[in-house]
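If you want the building blocks of each chain, they are given just below.
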Amino acid sequence: MEVGWTWKDIIYGLVQKPNAMEVCFSKQIHLCRDITYGILFEAVTTLLVLFSYQLFHKEILRDGHIYRCLMSGRCLFLTSRLVKTLLYNFIRQEKCPPATHVLQPQSDGGGLLYGLASGVASGLWSVFTLGGAGSKSSLDQEHNPLPLSNQSLFLLLVLANLTDRPECPNPYRQAITCFKNTQDTSSIPSPQPHTFQINFNSLYTALCEQQCSDQATLLLYTLLHQNQNMRTYMLSRTDMENLVMPILEILYHVEERNSHHVYMALIILLILTEDDTFNRSVHEVMLKNITWYTERSLTEISLGSLLILVVIRTIQFNMTRTRDKYLHTNCLAALANMSAQFRYLHQYAAQRIISLFALLSKKHNKVLEQATQSLRGPLGTDDGATLPDYAQDLNVIEEVIRMMLEIINSCLCSSLHHNPNLVYALLYKRELFEQFRLHPSFQDIMQNLDTVIGFFNHRLEQAGADLSVERVLEVIRKGAVALPKDRLKKFPELKFKYVEEDQPEDFFIPYVWSLVFNSAVGLHWNPEGIELFGMDSS
């Protein structure tokens, strides 16, 4: 069909650029690159527009003429090259070339062919640089100096989240899940179709630099979750702080971020904490003067302690504002995965762990009091409707308290001698734990905390009264070595693994298209016709 050639021509034009750029750096090639920038941008944008029919349907579409053309036939053979090209467009972060330079003819004329090509480029480019009907291109260009990179990322996410067809899986997702590093010299052929090689170092650097946007964070999530090669590479890096710090900053500014961006950042942390090597190494990376952390001056702190501080702050924000159980669960799962590897926690991080427990304890007592008062209400009043709410709230709070106790216990059992500041904070606030000692939900886990508190409290009494902080820490360090390990009851290791929910497209497709709707360069749809997501959530 004629339309098949149209798709192939667009995709073929897109995938030609990387090869030429990787081998040529002459002035002439740079000029050609400036000319083709506009054409490539329009090709990427055209594909986005062709897929945008999804915006006008509430249900997730799983078929259609455009869908079939891109998922089969001639286009199928270009899958890996298209995905590779879009990734390289994202990696290069090329700025939009000046329009005057693009439209300038060659001094020697260049011939009829050059004139025709230049005319086409000029015509397309003027739509972007000067603005088309109903567009706000000048504003887009001002706020999006990297239009080709951003637009390529949007198209990549759209393609990666296309639904599988009954007869074949999404080839673009297959390409994203199986590509390899250019440094991989293995001669073993990949069993996966549509595989290719790309420079992992360049991709890692681009991902670290671009985490301020939802779409870059979503790409990072996709690669960590679905591409085992990329995940292994990231976890092997010795500069993980370059990746983790932007993610922590997203969570720290939770008030300014949309909920989807926060979820993605949190799930990325959860995936990273599934790896024990990561959990150990973050405590070996020392950071100085964290300017965006404004609640307290942190002149020097480990990446691990900072991670704990930010996650605890996210939990506390959620408790007072959104009260989202899903957010709580993932925050606690990340802390639980790390707990056995806690090393030399910063004193402020240790304090915040105990402070969070204090906040939970206070909330538990308040809900318990409210439930008790409702049971003592006057006869004849119908309080039955409120009782289930109190019971549910109490159950949720007790689950969180149980998890916090297990996190503290895991640290004490696995690395007591590495965490004198946590033991200090535990002793300083030991009265907080009294009420849970005989509680049936916490009795077993409280035995270990009682053992630790009693052991160190006795040694401090022997050391004398009016001890300085330094002297108390010294007693704790010596006591940690002397405490017999067999006195602490063993519990199963805390390990949580992120698993995507069934039919993830119900979340990701509306999310991706809401990003395209709000942030794609030079594209504007009538909001009244959007059915895929509510405009208040976009």
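Right above here is the structure, for reference.
The notes below deal with the structure included here. (Residues numbered from 1 in each chain as written. Predicted model: local features only at pLDDT ≥ 70, side-chain atom pairs only at ≥ 80, totals over all residues. Heavy atoms only, no water.)

**Some thoughts on the overall build of the protein chain**
Moving on, step 1. Helix and strand counts for the protein chain stand at 23 helices and four strands.
Moving on, step 2. The 538 residues of the protein chain split such that 50% are buried.
Moving on, step 3. Taking as baseline every contact in the protein chain between residues at least 6 positions apart, the subset at least 24 positions apart corresponds to 74%.
Moving on, step 4. In the form shown here, the protein chain has an accessible surface area of approximately 25,700 Å², with 53% of it arising from carbon and sulfur atoms. (Helix = DSSP H or I, 4+ residues; strand = E, 2+ residues; numbered from the N terminus. Buried < 20%, exposed > 50% of the residue type's maximum accessible area, 1.4 Å probe, protein only. Contact = heavy atoms within 4.5 Å. Areas by Shrake-Rupley, 256 points an atom, 1.4 Å probe, with all protein chains shown as cover.)

**Quick notes on the packing of helix α16 (residues 303-320) against helix α17 (residues 325-339)**
Moving on, step 1. At a minimum axis separation of 10 Å, α16 and α17 run at an interaxial angle of 155°. Overall, the two elements α16 and α17 adopt an arrangement that is roughly antiparallel. Both α16 and α17 take part in a crossing whose hand is left-handed. When α16 is examined against α17, the residues Gly304, Leu307, Ile308, Val311, Ile312, Thr314, Ile315, Asn318 and Met319 are found in contact with a partner set consisting of Leu327, His328, Cys331, Leu332, Leu335 and Met338. (Axes fitted to C-alpha atoms, helices over the stretch in contact; angles between N-to-C directions. Parallel < 35°, antiparallel > 145°, perpendicular 65-115°, else oblique. Left-handed = near helix turned anticlockwise from the far one by under 90°.)

**Observations concerning the packing of aromatic side chains**
Moving on, step 1. For the coordinates displayed, the defined rule picks out 19 aromatic pairs.
Moving on, step 2. Considering the side-chain rings of Phe179 and Phe196, the 5.2 Å spacing of their centres and the 20° angle between planes classify their relative orientation as stacked. Of this pair, Phe179 sits in the loop between α9 (171-178) and β1 (180-181) while Phe196 sits in the loop between β1 and β2 (197-198), placing them 17 residues apart in sequence.
Moving on, step 3. Residue Phe179 is classed as buried on the basis of its relative accessible area, which comes to 0%.
Moving on, step 4. Ring geometry for Tyr424 versus Tyr428: centroids 6.4 Å apart, planes at 10°, classification stacked. Remark: Tyr428 and Tyr424 occur in helix α20 (residues 420-428); sequence separation between them is four residues, near one turn of the helix.
Moving on, step 5. Take Tyr428: its relative accessible area is 59%, and that puts it in the exposed class.
Moving on, step 6. Put simply, the rings of Phe179, Phe196, Phe200, Tyr204 and Tyr233 pair up and form one aromatic cluster.
Moving on, step 7. Just above the ring of Tyr252 sits the side chain of Arg313; from NZ or CZ to the centre is 4.2 Å. (Phe/Tyr/Trp six-rings, centres within 6.5 Å; stacked < 30°, edge-to-face > 60°. Lys NZ or Arg CZ within 6 Å of the ring centre and 35° of its normal.)

**A look at the side chain of Thr451**
Moving on, step 1. Its location among the elements puts Thr451 in helix α21 (residues 443-463).
Moving on, step 2. Using a relative accessible area of 18% as the deciding quantity, one classes Thr451 as buried.
Moving on, step 3. Filtering out sequence-adjacent residues up to four positions away, Thr451 remains in contact with Arg487 and Leu488.

**Remarks on the pattern of salt bridges**
Moving on, step 1. A complete count under the given rule lists 14 salt bridges for this structure.
Moving on, step 2. The residue Arg231 makes a salt bridge to Glu274 at a minimum N-O spacing of 2.8 Å. Placement of the pair is Arg231 in helix α12 (residues 228-236) and Glu274 in the loop between α14 (259-272) and α15 (276-281), with a sequence separation of 43 residues.
Moving on, step 3. Using a relative accessible area of 18% as the deciding quantity, one classes Glu274 as buried.
Moving on, step 4. Here Lys478 makes a salt bridge to Glu474, at a shortest N to O gap of 3.3 Å. With Lys478 and Glu474 both in helix α22 (residues 469-482), this residue pair falls four residues apart, about one helical turn.
Moving on, step 5. Looking at Lys478, the relative accessible area reads 51%, which means it is exposed. (Salt bridge = Lys/Arg side-chain N within 4 Å of Asp/Glu carboxyl O.)

**Details of the side chain of Thr45**
Moving on, step 1. Along the chain, the position of Thr45 falls in helix α2 (residues 27-51).
Moving on, step 2. Residues contacting Thr45, with those up to four places away along its chain left out, are Gln151 and Leu523.

**Quick look at unusual backbone geometry**
Moving on, step 1. At Tyr344, a residue that is not glycine, the phi angle is positive and equals roughly 45°.
Moving on, step 2. With respect to the helices and strands, Tyr344 occurs in the loop between α17 and α18 (347-375).
Moving on, step 3. Classification of Tyr344 as exposed rests on a relative accessible area of 55%.
Moving on, step 4. The phi torsion at Gln503 lies on the positive side, around 50°, for a residue other than glycine.
Moving on, step 5. The residue Gln503 is located in the loop between α22 and α23 (505-519) in this model.

**Considerations on the environment of Asn337**
Moving on, step 1. Summarising the element assignment, Asn337 is placed in helix α17.
Moving on, step 2. Given the relative accessible area of 2%, Asn337 is considered buried.
Moving on, step 3. Spatially, the C-alpha atoms of Asn337 and Thr273 are 5.8 Å apart, while their sequence positions differ by 64 residues.
Moving on, step 4. Among the polar contacts listed, one links the side chain of Asn337 to the backbone nitrogen of Phe496, at a separation of 2.7 Å. (Polar contact = N/O pair within 3.5 Å; in protein donor to acceptor, adjacent residues only side chain to side chain.)

**Some thoughts on the nonpolar core**
Moving on, step 1. Residues Leu306, Ile353, Phe433 and Trp513 are the most contacted members of the largest nonpolar core, which totals 166 residues.
Moving on, step 2. Once residues lying within four places of it in the same chain are set aside, the contact partners of Phe433 are Ile354, Phe357, Leu405, Ile408, Leu426, Met446, Leu449 and Ile453. (Core = buried A, V, L, I, M, F, W, Y, C linked by side-chain atoms within 4.5 Å.)

**A short note on the packing of α20 against α22**
Moving on, step 1. With their axes 9 Å apart at the nearest point, α20 and α22 run at an angle of 110° to one another. Classified by the interaxial angle, the pair formed by α20 and α22 is roughly perpendicular. Here α20 runs over α22; the crossing is right-handed. Of the residues in α22, those in contact with Pro420, Asn421, Val423, Tyr424 and Leu427 of α20 are Val469, Val472, Leu473, Ile476 and Arg477.
Moving on, step 2. By residue class, the composition of the contact of α20 with α22 is eight nonpolar, one polar and one charged. (Nonpolar A, V, L, I, M, F, W, Y, C, P; charged D, E, K, R; others polar.)

**A short note on α12**
Moving on, step 1. All buried positions along α12 are accounted for by Met230, Arg231, Tyr233, Met234 and Leu235.
Moving on, step 2. Considering only its buried residues, α12 is in contact with β1, α10 (200-209), α11 (214-226), α13 (241-252), α14 and α15.
Moving on, step 3. With a side-chain oxygen lying 3.0 Å from the backbone nitrogen of Asn229, the N-terminal cap of α12 falls on Asn227.

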